[in-house]
Amino acid sequence: MTRLDDLPLRDDLRGLTPYGAPQLDVAIRLNTNENPYPPPAELVADVQASVAKAAASLNRYPDREATALRTALADYLGHGLDVDQVWAANGSNEILQQLLMAFGGPGRSALGFVPSYSMHHLIARATATTWRSIHRADDFSLEPDRARADVVATRPDIVFLCSPNNPTGTALDPAVVEAVLEVAPGMVVVDEAYAEFSHQPTVLPLLAEHPRLVVTRTMSKAFAFAGARVGYLAADPAVVDALRLVRLPYHLSALTQAAAEAALRHAPATLAQVAQLRSDRDMLVTELRRRGLDVVDSDANFVMFGRFDQAADVWRGLLDEGVLVRDVGLPGWLRVSVGTTSECTAFLDALERVLTR
Ligand SMILES: *Cc1c(COP(=O)(O)O)cnc(C)c1O
């Protein structure tokens, strides 16, 4: 048996563990912030027809530029954005990887305000970018002056800001982004994976004045399209040119492009669920607080709650009840994604049983 350590693996990858949110076969899965409502029937039908059409020319490579898809994404984003300012890839994780390949890498550094999205750190490591992290305040907020000072002190090549922040759900005041842009020596990436759920405005309007700002988005969350793997960004056209240097040729398959274009044609129907998810999120916050738990204010489609002496035991207890939540590795805390209304109720009932045992 060959073990990993027997291979001539890069030294900086030795001892790491791969990303691995458990994919378990349980009744109620509330651990990866997906939209719990399946895509609407008319969207599914359109995806089928569009993919079938694309399949007829799979002997040819796809449009390397994904121009039709990027045009549709620019339309969806609005704010006067043009196709040249939009780029798409296989999930926003691939977008993040391309950004780190182009603007990070050996001898460069990236800064994050933690706890935050673990993939910022993991992709930085995979691209041999030095990772620096600064802890958020006790309530997980981030203040403009504090963020500005941290960037001045660390001078990173890339700053990651997550708005709303995963795993805490914390909204980010756009003033933080402006403060960081004032002093950042390199790129500023604002990960807006959960923008559709937030009461804070998007920072897309700042793009006009800031060529080093990048706003990343995904179709995996509000769009109910996680299985298709489609992420995108908006930035200055020069940033898109930079990513063309590092992307793999034909990285986005013809089937993915066709499916995503179809899904975007039905955006209003899909996004109709967002209001329900927001109201169930607010219900979860209220109900968890009513049970005496600490709950972080959330602007996303998940809620972080605690604090437990042994969060892992509560996680296990919920799993035994058929409810999978996320242990984000933050001592005392767990994160639950907003499910359907009945899944939210089932989660609350299961938690009650676990905590009274
Ligand atoms: C879920 C998530 C993503 C999305 O990743 P995809 O690769 O598009 O599925 C990106 N950023 C954050 C903060 C997330 O939570």
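Because the structure is a prediction, the values reported are computed rather than measured.

Asker: Which residues make up the sheet that holds strand β3 (residues 109-114), and what values go with them?
Answerer: Strands sit in the order β2-β8-β7-β6-β5-β3-β4 across an open sheet of 7 strands; the sheet is mixed. Here the strands that pair on one side only, and so sit at the sheet edges, are β2 (86-89) and β4 (130-135). Going from strand to strand, the sheet's axes swing by 25° on average, the running direction of each strand aside. In this structure, strand β6 (residues 187-191) lies alongside strand β7 (residues 213-218), joined through 4 bridges in parallel fashion. Each bridged residue has a counterpart across the sheet, and for V189 the counterpart in β7 is V214. Contacting β4, β5 (158-162) and β6, helix α4 (residues 118-126) runs over the sheet at an angle of about 155° to β4. Its contacts with the sheet put helix α6 (residues 174-183) on β5, β6 and β7, and the angle it makes with β5 is roughly 175°.

Asker: Mind laying out the layout of surface pockets, listing which residues take part and the relevant values?
Answerer: Looking at the largest pocket, its volume works out to about 1,100 Å³. Tallying contributions element by element places α4 first for the lining of the largest pocket, with 4 residues. Residue composition of the lining of the largest pocket, by class: 20 nonpolar, 16 polar and 8 charged.

Asker: Describe the domain arrangement of the protein, with residues and values.
Answerer: Taken as a whole, the protein is organised into domain 1 (21-39 + 269-356) and domain 2 (41-265). Here domain 1 and domain 2 have C-alpha centroids that lie 25 Å from each other. Contacts between domain 1 and domain 2 engage 25 residues on the former and 28 residues on the latter. Here domain 1 packs against domain 2, burying approximately 2,000 Å² in sum over the two surfaces, 62% of which is carbon and sulfur. For the interface between domain 1 and domain 2, the tally reads 0 salt bridges. Breaking the side of domain 1 that touches domain 2 down by element, the ones donating at least two residues are α9 (267-290) and β10 (302-306). Take the side of domain 1 that touches domain 2: its biggest share by element is 7 residues, from α9. By residue class, the composition of the side of domain 1 that touches domain 2 is 13 nonpolar, 6 polar and 6 charged.

Asker: Run through unusual backbone geometry, naming residues and quoting values.
Answerer: At the junction of N166 and P167, the peptide bond is cis and its omega measures out at 15° in the coordinates. With an omega dihedral of -20°, the bond running from G306 to R307 counts as a cis peptide bond. Positionally, R307 belongs in the loop between β10 and α10 (311-320). Positive phi outside glycine occurs at A224, with the angle close to 55°. With a phi close to 60°, R229 is a non-glycine residue in the positive phi region. Inspection of the secondary structure assignment puts R229 in the loop between β7 and β8 (231-235). Taking the relative accessible area as the measure of exposure, R229 reaches 32% and is therefore partly exposed.

Asker: So what about the site of the ligand? Which residues, and what values?
Answerer: In the vicinity of the ligand, 13 residues are found, and the nearest of them are S92, Y194, T218, S220 and K221. Taking S220, its side chain carries an N or O atom lying 2.7 Å from an oxygen atom of the ligand. R229 has a polar side-chain atom sitting 2.7 Å from an oxygen atom of the ligand. Protein chains bury 94% of the 390 Å² of accessible surface belonging to the ligand in isolation. Here the shell around the ligand takes 3 residues from helix α3 (residues 91-103), the largest share from any one element. Broken down by class, the residue content of the shell around the ligand amounts to 4 nonpolar, 6 polar and 3 charged.

Asker: Lay out the packing of α10 against helix α11 (residues 341-356) with the relevant residues and their values.
Answerer: Where α10 meets α11, the axes come as close as 9 Å, and the angle between the chain directions of the two elements is 120°. Classified by the angle their axes make, α10 and α11 are oblique. In this structure, α10 meets α11 at a crossing whose hand is right-handed. For the pair formed by α10 and α11, the contact residues are V314, G317 and L318 on the first element and F347, A350, L351, V354 and L355 on the second. Across the contact of α10 with α11, the residue classes break down as 7 nonpolar, 1 polar and no charged.

Asker: Describe α9, with residues and values.
Answerer: Between its first and last C-alpha atoms α9 spans 35 Å; for 24 residues at 1.5 Å apiece the expected length is 34 Å, and the two agree. For α9, the full list of buried residues reads A267, T270, V274, L277, D280, R281, L284, V285, E287 and L288.

Asker: How would you sum up the sheet that holds strand β12 (residues 334-337)? Please name residues and give values.
Answerer: Ordered in space as β9-β10-β12, the 3 strands form an open sheet in which the pairing is antiparallel. Edge positions in the sheet fall to β9 (294-295) and β12, since each of these pairs with one other strand and no more. Bridge analysis of β10 against β12 gives 4 bridges, and the strand direction is antiparallel. Looking across to β12, one finds that M304 is bridged to R335.

Thresholds applied
- Residues numbered from 1 in each chain as written.
- Predicted model: local features only at pLDDT ≥ 70, side-chain atom pairs only at ≥ 80, totals over all residues.
- Heavy atoms only, no water.
- Pairing = 2+ DSSP bridges.
- Helix = DSSP H or I, 4+ residues; strand = E, 2+ residues; numbered from the N terminus.
- Axes fitted to C-alpha atoms, helices over the stretch in contact; angles between N-to-C directions.
- Contact = heavy atoms within 4.5 Å.
- 1 Å grid on protein atoms, 1.4 Å probe; cavity = no way out; pocket = protein on both sides within 12 Å on 5 of 7 lines; lining within 4 Å.
- Points joined across faces, edges and corners; volume = space filled by probe spheres on them.
- Nonpolar A, V, L, I, M, F, W, Y, C, P; charged D, E, K, R; others polar.
- Domains from an automatic or database assignment.
- Buried area = accessible area lost by both parts, 1.4 Å probe.
- Salt bridge = Lys/Arg side-chain N within 4 Å of Asp/Glu carboxyl O.
- Buried < 20%, exposed > 50% of the residue type's maximum accessible area, 1.4 Å probe, protein only.
- Near = heavy atom within 4 Å.
- Polar contact = N/O pair within 3.5 Å; in protein donor to acceptor, adjacent residues only side chain to side chain.
- Areas by Shrake-Rupley, 256 points an atom, 1.4 Å probe, with all protein chains shown as cover.
- Parallel < 35°, antiparallel > 145°, perpendicular 65-115°, else oblique.
- Left-handed = near helix turned anticlockwise from the far one by under 90°.
- Expected span 1.5 Å × (residues − 1).

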